[in-house]
Amino acid sequence: MAPERERTPAGATASTRARVRLDQPRPPRRRLLPEWDPEAFGRLSERIARFLGTGRFIVWMTIVIIVWVLWNIFAPGDLKFDNYPFIFLTLMLSLQASYAAPLILLAQNRQDDRDRVNLEQDRKQNERSIADTEYLTREIAALRIGLGEVATRDWIRSELHDLVKEMEERRDGHVVFPAERSAGRDVEDR
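Each value, and the rule that gives it
- Residues numbered from 1 in each chain as written.
- Predicted model: local features only at pLDDT ≥ 70, side-chain atom pairs only at ≥ 80, totals over all residues.
- Heavy atoms only, no water.
- Helix = DSSP H or I, 4+ residues; strand = E, 2+ residues; numbered from the N terminus.
- Buried < 20%, exposed > 50% of the residue type's maximum accessible area, 1.4 Å probe, protein only.
- Contact = heavy atoms within 4.5 Å.
- Salt bridge = Lys/Arg side-chain N within 4 Å of Asp/Glu carboxyl O.
- Patch = residues over 30% accessible without salt bridge, like charges linked within 9 Å, V, L, I, M, F, W, Y side chains within 5 Å.
- Areas by Shrake-Rupley, 256 points an atom, 1.4 Å probe, with all protein chains shown as cover.
- Expected span 1.5 Å × (residues − 1).
- Polar contact = N/O pair within 3.5 Å; in protein donor to acceptor, adjacent residues only side chain to side chain.

Asks: Please give an account of the overall build of the protein chain that cites residues and values.
Replies: Across its full length, the protein chain carries five helices and zero strands. Secondary structure elements of the protein chain, listed N to C terminal, follow the sequence α-α-α-α-α. Here the protein chain, with 190 residues, has 10% of them falling under the buried criterion. Across the protein chain, every contact between residues at least 6 apart in sequence was considered, and the portion connecting residues at least 24 apart equals 49%.

Asks: Go over the pattern of salt bridges, please, and point to the residues and values.
Replies: Under the criterion given, the structure shown has ten salt bridges. In this structure, the salt-bridge partner of Arg110 is Glu39, at a minimum N-O distance of 3.3 Å. Of the two residues, Arg110 is situated in helix α3 (residues 87-148) and Glu39 in helix α1 (residues 38-52); the sequence distance between them amounts to 71 residues. Two residues, Arg110 and Glu46, come together in a salt bridge whose shortest N-O distance is 3.0 Å. Of this pair, Arg110 sits in helix α3 while Glu46 is found in helix α1, placing the two residues 64 residues apart along the sequence. Glu46 matches Arg110 in its accessibility class, with the two residues each being buried.

Asks: Mind laying out a nonpolar patch on the surface, listing which residues take part and the relevant values?
Replies: On the surface, Trp71, Leu79, Phe81, Phe88, Leu91, Met92, Leu95 and Tyr99 cluster together into a nonpolar patch covering about 830 Å² of accessible area. With respect to the element layout, Met92 can be found in helix α3. Taking relative accessible area as the criterion, Met92 reaches 35% and is therefore assigned partly exposed.

Asks: Before we move on, could you go through helix α4 (residues 153-172) and cite the residues and values that matter?
Replies: For an α-helix, the turn length of 3.6 residues means that residues three or four places apart are oriented alike. Helix length check: α4 (20 residues) gives 28 Å between terminal C-alpha atoms against 28 Å at 1.5 Å per residue, within 8%. Gly173 sits one or two positions beyond α4 and adopts a positive phi of about 100 degrees.

Asks: Requested: an account of the side chain of Asn72, with residues and values cited.
Replies: As for its placement among the helices and strands, Asn72 is situated in helix α2 (residues 55-74). Asn72 sits in the buried class, given a relative accessible area of 3%. From its side chain, Asn72 meets the backbone oxygen of Trp68 in a polar contact 2.8 Å long. Engagement of the side chain of Asn72 in a polar contact is seen with the backbone nitrogen of Asp82, the distance being 2.9 Å. Filtering out sequence-adjacent residues up to four positions away, Asn72 remains in contact with Lys80, Phe81, Asp82 and Phe86.

Asks: How would you explain the side chain of Arg110 if you had to name every residue and give the values?
Replies: Assessed through its relative accessible area of 16%, Arg110 is described here as buried. Leaving out residues up to four positions away in the same chain, Arg110 has contacts with Pro38, Glu39, Gly42, Arg43 and Glu46.

Asks: Help me get a handle on the environment of Asn109, residues and values and all.
Replies: Residue placement: Asn109 occurs in helix α3. Spatially, the C-alpha atom of Asn109 lies 9.7 Å from that of Gly42, the residues being 67 residues apart in sequence.

See the structure below:
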């Protein structure tokens, strides 16, 4: 048996390009720049920004500058690496500031994103709480309305008292008809 060949289109629609399979992912492309994890870079920038905002950083930076200046003033001539105008020190401080500013901004942007997510979650929680409160308010109102139709303790006592009185009267032989009882009761209630 002959090996199977891939069919190539013939005619006006024929193409010399290789067919692209849409049911399979493309192979990864080569990249000129190195890849990095944006979350890891963001976490690192936040750590650096937090350190730059501490008193410890200010103390260390002050110590380094003082040592730098004293070394370049009092050290022997051949050991000095940055003479009086301290141009190299200025360059180093400028370089530190040029990296610190974007790192701080990146950390602030990440904090803003976290705050935005937290605010959205708080808003949704507040909406749920308001909905629950409204539901409970409606339920309490329905219970109050329903409670008006329920027999109260005093009403049940008065009915039982009337029944006991009626039974005692029947036992004694004096029968009171319901019409008389209600007429007498109306008079007593006044």
